[in-house]
Each structure stands twice: as structure tokens, then as C-alpha cells.
Amino acid sequence: MSELLQKESGQTMTLEWTAEQNTLHSIKKIIDKAWRMNSRQLHSCCKRLRHSQREVLPGRIGNVFLAHLEQIADRQYDTDMGAAEEKDWPRLQRDTGQLIQLISRYGQLEKEAWLAVLPKLEAHQEKYFQTELGPAFILTLKEKLGLAEPENSRVHAAETARENRPAAVHAENKAELENLAAWLMQDSPSPRHPLQMRKNPKFLYSGKDRKDFRRTLFAERMHNSAVFIFASLSVCFMTAWLYGQIVRNQSAWSAQQLKVSASQKADAADAGNAQGALNENSQLNAAAGTGKPAAVSHPDSAQGTLKYGAQQGDLSSKKIPAEDRQGTQYSTGKQSEQNAARAKRPKIQKQYQKMAAEYPGLFGWLQIPGTQIDQPVMQPFKEKEFYLDHDFTGADSAEGALFTDPENSCWPQDGNTVIYGHNMKNGHMFGTLDSYEDADFFRAHTEIRFDTIYETGRYEAAAVLKTRILNENEQGFRYYQFFNYKNRAEFQKCLDFVKENQLFETQSSLQYGDRILMLSTCEYSQENGRLVIVARKIS
């Protein structure tokens, strides 16, 4: 039809279509809301529209649409009629939209153009329209062209009767019209039409209508329940996460407090020992003047210091098997050698005595200045992977703890100590070791402090490696099983492994006789990948 109109355009005398445009827009809004209504609700809607037709649906097109709406409301809910009803709404929507578009685009055509198109439009109206709105539009066009008499239908009679009604009735219908106009002016369709809000619920929801209402109400309640359950689960998960964070931070804070308080006590004890030594010297000087013997005290701490110093030795010397703090024995030597090692073992450093007594798995403490790493290092009793999902207190934790291999010896300390930790996305545990892949970061954070419970240590980062866990039958150097080297050949294997896998050259390198520290965490560029920071002890 648009092709016919385009061919005939070109003049200036036009027809007036404002009333028809308003009617069609009202029809579109009514369709968007009425298709959800049942038969009784549609009857009520049609009744109200009849009372307000002059203002809402004027003209032939409005009258034809309202008659069609009443026909839909009169149908019964059997299978055939229900199927026909389902097809009516799309057809009405299509014709309404096509007429709105037609008048908007070609409403300014002159009278002669419409006269030329009218015969073809009448001959092929089934092609262009699927409902009675099409013939009503054609009759309206004829009226505007002067080819048909103005409509004298029941609408005009109803309008005349309405004007002659009492004022009170007219006021009531005016209020009703205002409600209907407000509903039609809504921009988006609402699932509940104001005309559905009846005072008598039995009128709206009886028989099948009540079943439909119950289904709708049940669906709404299920939706609301699902939203509530989802919100509750979200709150529960958030609460659990916050609780875990609080517990983790509290545990870390408790460990720090244990270390700080123990260090303060150690400093106080050292100050007391120094004062005692001064008093002892004073007593000796006084005794020298009087010729009397003086009583000399020997603090335990002094004896411990002497024993600690006596145990410093060459890493290339033979390792002395020892019994760890949990009572687990390394079966690499005779019982007499173990007893000798236990007898020579120094006392636990004072800053770690209280924590080691509370947590027997304590191996030492790792701190890297400028990073989040400032954590105790544990050693499992029997299960090698225990601290993968337990914190240093032994409680369940997804972050785990920093820990060493059960085969690593704390005293005497092995030639190589390997410390493991999760690569957490939040930066906890070894989550910040990824930063060492940047050479500038590496150069700015070469200092690493690692204490065992028996001695302090300061290390220098020497290399950053990317490697992987080897398969069972695969040949190669396994750093995670390398704890000591007895000669230069064994040390050279470790040195070759470092040079082969390091990411970049550094100013520091391992030397034969170094005590080595390796920090190992997961790395995801390859299967079973590992990121390893290699350091050497400097003091």
C-alpha cells in the first residue's frame, strides 16, 4: 500500500487525520492491557469504554474496534474459541500499528492522491488488513473525500443521551473517564489493569478465573521466595567470608603479638642479664680488694648462647640426624648420634618460646620487607600436605599456612630449606611472589628475613625461577627433594638448575658453601607450574 501512496504524492491540499491518530494510539494502549484480561474483565472494560467512547475512542475506527472487543469478551472458553481469541490480538496489534504508520508517513498527501489510491485499496483490502479496522479506515477515508455520508451510528445516539443525563451521573462518568485516561497515558503496559480492581472479588475470580488467579499468585509468591532465598544465601556467604577474614586476621595478629611480646620479654631479660653481669663484676672487684671469694652466677641464657655458638659449622660437613620438636625421629643415623644431637641442640629463641610451646609445629618465621609476607612457618607432623588447608593454629583454612617439607631439618638447619605457600589472588600467603617476575621489583626487594626457632637469619634473593613438578618417571632435578649437598658435584646440579630456569640475570649468585632458601608457590603458565624465589644466607 505504501508503494501506491508514494506514486501519487506531490500536491499540497491535505486531509485532517488528528482524531484518527489519537484513536489509534488509544487502541494500541488498550490492546497492550486488555489481552491479559478474562471474559468478565473484558466485559467490564468494554462497558466503561462505551460510556467514555466520545473522549477515548471517537469516530468509525474507534466504534469498530470497541465492537470487536465486545465480541472477544462474548466468546466461551472452549478449545476452538480460545485458539481464535489468541489469534485476534496479534492481528489487531498488526493492523493498529500499520494504520498508525500509514497516517504518520502519508497523512500529508493531497486529496487527489487519496482519490487515485482508493479504488485499489478497496479492491485489495484483504491483502493489507486482517481485521475490521481496515474497512473502517477505508470508509473514514471516503467520508473525508466526500464519497460517503457521515456515520450515524449508535455512538452518536449514545453521545446525545449522555449529554441529556442528570449532572450527578455526568460527574460520576467524568471521574471514571479521568481514571481511564490516566491508565491510557501510562507509557508501559501494566500487568494489572485498573478496570480489574473490582469491589467484589467473587465477580473477578470465580471458576476458571480463580484458578488462573491462584496460579498467578503462586508464581508471584515463588518468585518472591526465590529472591528472598537468594538474598539470604548471599548474606550467609558474605557473613561466612567476613568471619573467615576476621578469624584469619585475628590469628595472624595473635601470632604477631606472641612474637612481639616474646621479643620484648627477651629484651628485658637481656637487659637484666647485662645488669647482673655488672653486679658480678662489682662483686669480683670488691672481693679482690678484701681478699674474700665472690659468688658468681651463671644464667641459663648465657649457657644457651655458648651452646648455640658451639654448633656453628661447615655446611659441607656430614649432617647430624636430630629429633624434631614433635618427637618424630629421622632414621638416618644411630640412636647414639641422635642423643648427641639432642644434647647439643640450643634452646629455642626467647621470641619464639611461647608460640612454639602453644604450636609445636612451629619451624620459624618468614618476613619480606615491602610485601604482605610476615608469617610463621610450620612443619607438618606426618601428613605432608596438612598445611595446604589448615592455618598455623591447625584450624581449617582455604588459605592454609606457610610450611616446610617434613624432611627439612630445623636443627642443624639443612643446606637448602624449601618453604611452600598458596598463591592467593588476594595477596595472602605467597600471593605477592608474582611481583618478583618484574626485574625492578626484584632489585628493590632482595632482602629476606627467615628465622628458625633456634637462630635468626638474613638472606639475599639470588634468582627467580619458573619450573614445574616432574612426573614420576621423568628425569631431572627436583628442587623440592633437594635439602643438602655433600660435595661440589651435588651443589653444581642445583646451580645448573637455577641458571637454566631463571627469568633474568641478577647481581647475586649462589656460591659453594651457601645456605640456601627456596620459596615455592603455584604458577599457571604451564601444567603443574611453580614459581620459585631462590635466596642465599648472608648473615
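So, how was this worked out
- Residues numbered from 1 in each chain as written.
- Predicted model: local features only at pLDDT ≥ 70, side-chain atom pairs only at ≥ 80, totals over all residues.
- Heavy atoms only, no water.
- Core = buried A, V, L, I, M, F, W, Y, C linked by side-chain atoms within 4.5 Å.
- Buried < 20%, exposed > 50% of the residue type's maximum accessible area, 1.4 Å probe, protein only.
- Helix = DSSP H or I, 4+ residues; strand = E, 2+ residues; numbered from the N terminus.
- Contact = heavy atoms within 4.5 Å.
- Pairing = 2+ DSSP bridges.
- Axes fitted to C-alpha atoms, helices over the stretch in contact; angles between N-to-C directions.
- pLDDT = per-residue confidence, 0-100.
- Phe/Tyr/Trp six-rings, centres within 6.5 Å; stacked < 30°, edge-to-face > 60°.
- Lys NZ or Arg CZ within 6 Å of the ring centre and 35° of its normal.
- Salt bridge = Lys/Arg side-chain N within 4 Å of Asp/Glu carboxyl O.
- Patch = residues over 30% accessible without salt bridge, like charges linked within 9 Å, V, L, I, M, F, W, Y side chains within 5 Å.
- Areas by Shrake-Rupley, 256 points an atom, 1.4 Å probe, with all protein chains shown as cover.
- Expected span 1.5 Å × (residues − 1).
- Polar contact = N/O pair within 3.5 Å; in protein donor to acceptor, adjacent residues only side chain to side chain.
- Arc of directions from axis to C-beta.
- Parallel < 35°, antiparallel > 145°, perpendicular 65-115°, else oblique.
- Left-handed = near helix turned anticlockwise from the far one by under 90°.
- Nonpolar A, V, L, I, M, F, W, Y, C, P; charged D, E, K, R; others polar.

**Some words on the nonpolar core**
L366, I419, L433, I448, L517, L519 and V534 are the most contacted members of the largest nonpolar core, which totals 61 residues. With six residues, strand β6 (residues 458-468) is the largest single contributor of residues to this core. Once residues lying within four places of it in the same chain are set aside, the contact partners of V534 are E460, A461, A462, A463, L465, V498, L510, I516, L517 and M518. One finds W17, L57, L118 and L121 within the second-largest nonpolar core, a separate group that totals 41 residues.

**Comments concerning the pairing of strand β7 (residues 516-522)**
Burial analysis of β7 places six of its seven residues in the buried class, which makes it a mostly covered element. Sheet topology note: the strand β4 (residues 416-420)/β7 ladder contains five bridges and is parallel. Each residue of the ladder has a partner; that of N416, found in β7, is I516. Once β7 ends, the chain turns through six residues before running back antiparallel as strand β8 (residues 529-537), passing N528 with a positive phi of about 55 degrees.

**Side note on the sheet that holds strand β2 (residues 374-378)**
Taken in spatial order, the eight strands line up as β1-β2-β3-β4-β7-β8-β6-β5 and close into a barrel, and their pairing is mixed. Averaged over all pairs of adjacent strands, the angle between their axes in this sheet comes to 30 degrees, without regard to strand direction. Across two bridges, the pairing between β2 and strand β3 (residues 402-404) is parallel. Counterpart to M378 in the pairing with β3 is F403. In the packing of helix α16 (residues 350-358) onto the sheet, contacts are made with β1 (362-367), β2 and β5 (447-452), and the angle to β1 comes to roughly 130 degrees. Docked against the sheet, helix α18 (residues 488-501) engages β6, β7 and β8, running at close to 70 degrees with respect to β6.

**A closer look at the pairing of β6**
Bridge count between β5 and β6: three bridges; the pairing is antiparallel. When the sheet's bridge partners are listed, I448 is paired in β6 with Y459. Between β5 and β6, which pair antiparallel in sequence order, lie five residues. Bridge count between β6 and β8: nine bridges; the pairing is antiparallel. From the neighbouring strand, A463 faces β8, where its bridge partner is V534.

**Some points on the confidence of the model for the protein**
Counting all residues, the mean pLDDT for the protein is 74, and 64% of those residues have values of 70 or more. In this model, residues 187-206 is a region of pLDDT below 50 whose contacts with residues beyond four sequence positions or in other chains number 37 contacts. The model gives residues 284-334 a pLDDT under 50, and that stretch makes 77 contacts with residues more than four places away or in other chains.

**Digging into the packing of aromatic side chains**
For the coordinates displayed, the defined rule picks out 19 aromatic pairs. Where F450 meets Y459, the ring centres are 6.2 Å apart and the plane angle is 55 degrees; that geometry is what we call tilted. Among the residues examined, F450 registers a relative accessible area of 1% and is labelled buried. According to the relative accessible area criterion, Y459 is buried, its value standing at 1%. Clustering of aromatic rings is evident, with ring pairs tying together F477, Y479, Y480, F482, Y485, F491, F497 and Y512. Stacked on the ring of W17, the Lys or Arg K144 has its end atom at 5.1 Å from the ring centre.

**Digging into the pattern of salt bridges**
Tallied over the full model, the rule gives 16 salt bridges. The salt bridge involving E455 is made with R515; its shortest N-O contact spans 2.9 Å. With a gap of 60 residues between them, E455 in the loop between β5 and β6 and R515 in the loop between α18 and β7 connect regions that are remote in the sequence. The buried category is assigned to E455, whose relative accessible area is 4%. For the salt bridge of K537 with E455, the shortest nitrogen-to-oxygen distance reads 3.8 Å. On the criterion of sequence distance, the pair formed by K537 in strand β8 and E455 in the loop between β5 and β6 is long-range, its members being 82 residues apart. Per residue, the accessibility class of K537 equals that of E455, and both read buried.

**Considerations on a nonpolar patch on the surface**
Taken together, the side chains of F228, I229, L233 and F237 make up a nonpolar region of the molecular surface, amounting to roughly 470 Å² of accessible area. Its place among the elements puts F237 in helix α13 (residues 208-290).

**Details of helix α3 (residues 39-51)**
Here α3 is 13 residues long and its end C-alpha atoms lie 19 Å apart, about the 18 Å a rise of 1.5 Å per residue gives. When α3 is considered as a whole, its buried residues turn out to be S39, Q41, L42, S44, C45, C46, L49 and R50.

**Thoughts on the side chain of N416**
Structurally, the position occupied by N416 is in strand β4. Take N416: its relative accessible area is 0%, and that puts it in the buried class. Within the local environment of N416, its side chain forms a polar contact with the backbone oxygen of F482, the two atoms lying 2.7 Å apart. Setting aside residues up to four positions removed in sequence, N416 forms contacts with N408, Y479, F482, F483, I516, L517 and M518.

**Points about unusual backbone geometry**
Cis rather than trans, the peptide bond between W411 and P412 has omega equal to -15 degrees. Take P412: it is sitting in the loop between β3 and β4. Backbone geometry places N528, a non-glycine residue, at a positive phi of 55 degrees. Relative to the helices and strands, N528 resides in the loop between β7 and β8. The partly exposed category is assigned to N528, whose relative accessible area is 41%.

**Observations concerning α18**
The end-to-end C-alpha distance of α18, which contains 14 residues, comes to 20 Å, matching closely the 20 Å that a straight helix rising 1.5 Å per residue would cover. Residues F491, C494, L495, F497, V498 and N501 constitute the buried set of α18. The buried residues of α18 occupy one face: seen down the axis, they fall within an arc of 155 degrees. Among the exposed residues of α18, those oriented more than 90 degrees off its buried face are R488, A489, K493, K499 and E500. Check the buried side of α18 and you find it contacts β6, β7 and β8.

**Quick look at the packing of α3 against helix α5 (residues 59-74)**
In helix packing, the relevant descriptors are the interaxial angle and the interaxial distance, both defined with respect to the helix axes. Viewed as axis vectors pointing N to C, α3 and α5 meet at an angle of 155 degrees, and their least axial separation amounts to 8 Å. Between α3 and α5, the angle is such that the two are roughly antiparallel. Every pair of crossing elements has a handedness; the one defined by α3 and α5 is left-handed. Note on element contacts: α5 touches α3 through N63, L66, A67, L69, E70, I72, A73 and D74, opposite S39, L42, H43, C46, L49 and R50. Here the contact of α3 with α5 is composed, by residue class, of eight nonpolar, three polar and three charged.

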